[in-house]
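Now for the letters of each chain:
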Amino acid sequence: MKLLIATKQGQGDQEGDVFEAVDGELVVLPIGCQMGVAGLVSNGLTTTFTAVERPGITLASYRAMLGEAIYGSEDAGEDELDSVVDKHVEFARQATEGRVLRSGPSAGPLCECCKLEQRYGK
Ligand SMILES: [Zn+2]
């Protein structure tokens, strides 16, 4: 499936760019975006991310990873986790593979997280 990962690509193009994640790691979209997306494992922020095909990862394992990263457990908040997973999957599905996406204050109107929040009415 197509998933969102941190990328160093495009870093420095925008003033205020931040890259504290690990290149290529999965990322979590922020809830109420302020600073960028966060690496799933490193927890480090990045203002640049992209969508790639990761055939080895199933929806179930992705859900477990997101649950672990956000709630500290894959069992916590079933319904809420479902909607978070849906948001990530849908976002990645609509993104062009390999195109650099931006998030955080430095991205301004380019911030994908803000666009996403608008779309979901949050
Ligand atoms: Zn935003």
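All of these numbers come straight from a predicted model, not from anything done at the bench.

Peer 1: Quick one: what's the story with the sheet that holds strand S6 (residues 101–102), residue by residue and with numbers?
Peer 2: The three strands lie next to each other as S1-S5-S6, forming an open sheet whose pairing is antiparallel. Edge strands, defined here as strands with exactly one partner in the open sheet, are strand S1 (2–6) and S6. Where S1 and strand S5 (residues 48–53) come together, five bridges link them in antiparallel fashion. Following the sheet pairing, Leu3 is matched in S5 by Val52. Docked against the sheet, helix H2 (residues 78–94) engages S1 and S5, running at close to 90° with respect to S1.

Peer 1: Residues and numbers for unusual backbone geometry, please.
Peer 2: Located in the positive-phi region is Asn43, a residue other than glycine, with phi close to 70°. Following the sequence through the fold, Asn43 ends up in the loop between strand S3 (37–39) and strand S4 (45–46). Since 12 C-beta atoms lie within 10 Å of it, Asn43 is described here as exposed.

Peer 1: Just give me the short version of the sheet that holds S4, but keep the residues and values in it.
Peer 2: The strand order across the open sheet built from three strands is S2-S3-S4, with neighbouring strands paired in antiparallel fashion. Strands with a single pairing partner mark the edges of an open sheet, and in this sheet they are strand S2 (27–28) and S4. Examined bridge by bridge, S2 and S3 share two bridges and lie antiparallel to one another. The residue bridging Val27 from the neighbouring strand is Gly39, located in S3.

Basis of the calculations
Residues numbered from 1 in each chain as written. Predicted model: local features only at pLDDT ≥ 70, side-chain atom pairs only at ≥ 80, totals over all residues. Pairing = 2+ DSSP bridges. Helix = DSSP H or I, 4+ residues; strand = E, 2+ residues; numbered from the N terminus. Contact = placed C-beta atoms within 7 Å. Axes fitted to C-alpha atoms, helices over the stretch in contact; angles between N-to-C directions. Buried ≥ 20, exposed ≤ 12 C-beta atoms within 10 Å, placed from the backbone.

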